[in-house]
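Fold and geometry: a report
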Amino acid sequence: MNLTDNHPPIKGHKSSGVIDWVLASGGEQRPRIEVLSLSSVRHSHHRASPMASPTEDLSHIPLETRSIITTESSDGIPFPASPIPHTHRTWARTFSSRPEVYLQPSTLPQITKITNLARRCRRRLVVVGSGHSPSNLTCTSSWMVNLDKYSRVLSIDPTTGICVLQSGIRLWQLSEALNKEGLALPSMGSINEQSIAGAISTGTHGSSLKHGLISEGVESLKIVLANGEEVFCSPTERSDLFRAALLSLGAIGIVTEVTFRAVKAFSLAWEQSIDSDSKLFAEWESKLWKQSEFVRVWWFPYMRRAVVWKADKVDENDLDTGVVKNYDPPTSFQDSKIGYFVYHNLLALARWFPRITPWVEWFVFGLQYGFGNGETTTTRAVQPSYKAFLLNCLYSQFVNEWAIPLAKGPEALQRLAAWLHRLQPGDEGYVEHKIPFSAEGLWVHSPVEVRVSDTTVKTSGERGNRPWLDITPEDGPALYLNATMYRPYHKDPSYNATERYYEAFEWLMRDLGGKPHWAKTFAVTPDEFASKQWYGENFHQFRKVRDEVDPLGMFVGPWQRKFLLGEPAEEKDRLALEEVGFEQKPAKEGGYVVTGHQNVVVA
């Protein structure tokens, strides 16, 4: 990636605390820090494939489709398809699929050509970045577009912070480019492997009452629609399309360009400590979320303890004069090779003996954060923001995250704890959980990640920059609760633990007025999303925009059908280009192989 033609390419990417996990021989999973070139990002689950020129052999593509592609080769614009079959896997290897064509365009004419050819060949398009969502949102048997080669920074204004980006740029690439110009992203989630378009399209957020979604920094977008036209949208121009594209879930078109407002680069002085969750609840309203600009919590239901991480910006003069210096924290237990191996194998052992799960929580997180409470467990560091925000996601996992009103947080955690512990009246910590499912014989993983945001600070419908599908409350701050279930060595938890846990967790979140994070695991119907209690008119507005810009369903697949559109009354009512399915079969390495097919009914 070059900032301009006068800037040399950045030669490599050094680790910022995120480890790329790869499978070693024998199936053992080991950490590896990749050296990445900015022209092509490599991932263990999503390898860049060699691209074919218009004349190269694409024999794995059906003859009729290949013939149409060949007839369009005279325009001199390469059709950037891999000449070999490609397998796409989610980061967690929960799902995999084999697209008919895997494409990596590097120019806008190539993206336009792909769109026009997909329409002629009656194919669905799926745009994929890191594949970090554990769901099958990014799976397809049709055409897959990866924008790793469309990832340049087109311009940066260090004075205003306005930067114009090609949409495939990964967040770590963007952070490096911004840092060179004395700028940074205002806030980030826990990883930096996502593309900027992927982070926007799925509602990625950090944890701060002074910030909302990552997309609140977007000034405008350019999108290639299903008709092959690139269009511009912003809060003041085509604002309905802009609000749909800010959280599009791949159903609108191909985002090609992002104009984003960065901020002056900053370092964060952060500290974390572990204490009883009763202290957490006591300080919830008065202090917890207001004590620093950035605050996040990890809650451990079996120990009834919580880690609180808080961070504030360091004064620039203190850094310049050396009064405060950046320094990294000590290597934690989980970030060490032995800690990673020990915890992974304890999780694997707990698949066979689930009752040891609470002991694993006590042992591992005691070594990670401390066995005592309060000040004695505090860890501190001062790091550039692009390092301080990041977390090690460890192992393959299912994640089920919902947003509820911030004030309902203590009730949510106390009711969940009472259910998991099967507390009875008179027991310490008892509250009436009301969850209509049994937790008998159920053991779940830790922690529950607890984060906040307030999208009302910088976005609203009136300002034309609030996504139609924003899951947060429109009248105040949101609390995100993220229930994680690990898949040690890519094996699901035993005894239907994930299904039982998530059934109860989702019931509780609904009862507290919550909505699920779109990129995570959930079970909700389009009718529920469209209800007045959920999105109401906003959901219908999103659907209206989607149907207007993609009437043939080029960007519609089984995931969009299941959660956004609903199944048609009759097969003849399907959209002409939508992908139908999915069929799921267990994969040898764990997870599921997903197979879909193109709609055979022509409207």
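Residues numbered from 1 in each chain as written. Predicted model: local features only at pLDDT ≥ 70, side-chain atom pairs only at ≥ 80, totals over all residues. Heavy atoms only, no water.

1. Topic: the overall build of the chain
Helix and strand counts for the chain come out as 16 helices and 24 strands. Here the C-alpha radius of gyration of the chain, 24 Å, is about what a compact globule of 603 residues would show, namely 25 Å. Principal-axis analysis of the C-alpha atoms gives the chain an extent of 75 × 60 × 55 Å. Put simply, 71% of the contacts in the chain that link residues at least 6 apart link residues at least 24 apart. In the structure as shown, the chain presents an accessible area of about 24100 Å², 52% of it carried by carbon and sulfur atoms. For the chain, the distance from the average site of its 64 positive side-chain charges to the average site of its 68 negative ones is 4 Å. (Helix = DSSP H or I, 4+ residues; strand = E, 2+ residues; numbered from the N terminus. Rg over C-alpha atoms; globule rule 2.2 N^0.38 Å. Contact = heavy atoms within 4.5 Å. Areas by Shrake-Rupley, 256 points an atom, 1.4 Å probe, with all protein chains shown as cover. Lys, Arg positive; Asp, Glu negative; His and termini not counted. Charge placed at Lys NZ, Arg CZ, Asp CG, Glu CD.)

2. Concerning the UniProt feature "domain: FAD-binding PCMH-type" (unreviewed entry) in the chain
On the UniProt side, "domain: FAD-binding PCMH-type" (unreviewed entry) is annotated at positions that read residues 95-265 here. Annotation note: span residues 95-265, helix share 22%, strand share 27%, distance between end C-alpha atoms 37 Å. (UniProt positions renumbered as here; feature names shortened; annotations may be inferred.)

3. What about the pattern of salt bridges?
It is possible for side chains of opposite charge to pair when their charged atoms get near one another. Tallying each qualifying case throughout the model produces 33 salt bridges. Taking the shortest distance from any N to any O, the salt bridge between Glu100 and Arg123 comes out at 2.9 Å. With a gap of 23 residues between them, Glu100 in the loop between strand S4 (95-97) and strand S5 (101-103) and Arg123 in the loop between helix H2 (108-121) and strand S6 (125-128) connect regions that are remote in the sequence. Residues participating in the shared-partner salt-bridge network are Arg561, Glu567, Glu571, Arg574 and Glu578. (Salt bridge = Lys/Arg side-chain N within 4 Å of Asp/Glu carboxyl O.)

4. Quick look at the sheet that holds S6
A sheet is described by the order of its strands in space; here three strands give the open sequence S5-S7-S6, paired in parallel fashion. The sheet is open, and its two borders are formed by S5 and S6, each paired with just one other strand. On average, each strand axis in the sheet is tilted by 25° relative to the strand beside it, whichever way the strands run. (Pairing = 2+ DSSP bridges. Axes fitted to C-alpha atoms, helices over the stretch in contact; angles between N-to-C directions.)

5. Observations regarding the environment of Lys210
In this fold, Lys210 is placed in the loop between helix H4 (196-201) and strand S11 (218-224). A relative accessible area of 51% means that Lys210 is categorised as exposed. C-alpha separation for the pair Lys210 and Ser453, spaced 243 residues apart in sequence, amounts to 7.1 Å. Residues within four places of Lys210 in sequence aside, it is in contact with Glu293, Val457 and Lys458. (Buried < 20%, exposed > 50% of the residue type's maximum accessible area, 1.4 Å probe, protein only.)

6. Some points on the packing of helix H15 (residues 537-549) against helix H16 (residues 558-565)
Contact geometry of H15 with H16 gives a least axis separation of 12 Å together with a crossing angle of 140°. Judged on the interaxial angle alone, H16 and H15 are oblique. Within the contact between the two elements, H15 uses Phe539, Phe542, Arg543 and Arg546 and H16 uses Phe563, Leu564 and Leu565. (Parallel < 35°, antiparallel > 145°, perpendicular 65-115°, else oblique.)

7. Side note on the environment of Val448
By secondary structure assignment, the location of Val448 is in strand S20 (residues 448-453). On the accessibility criterion, Val448 (1% relative accessible area) is buried. Taking C-alpha positions, Val448 is 9.1 Å from Leu413, a pair spaced 35 residues apart along the chain. Val448 has contacts with Val297, Trp298, Trp299, Asn482 and Tyr501, leaving out every residue within four places of it along the chain.

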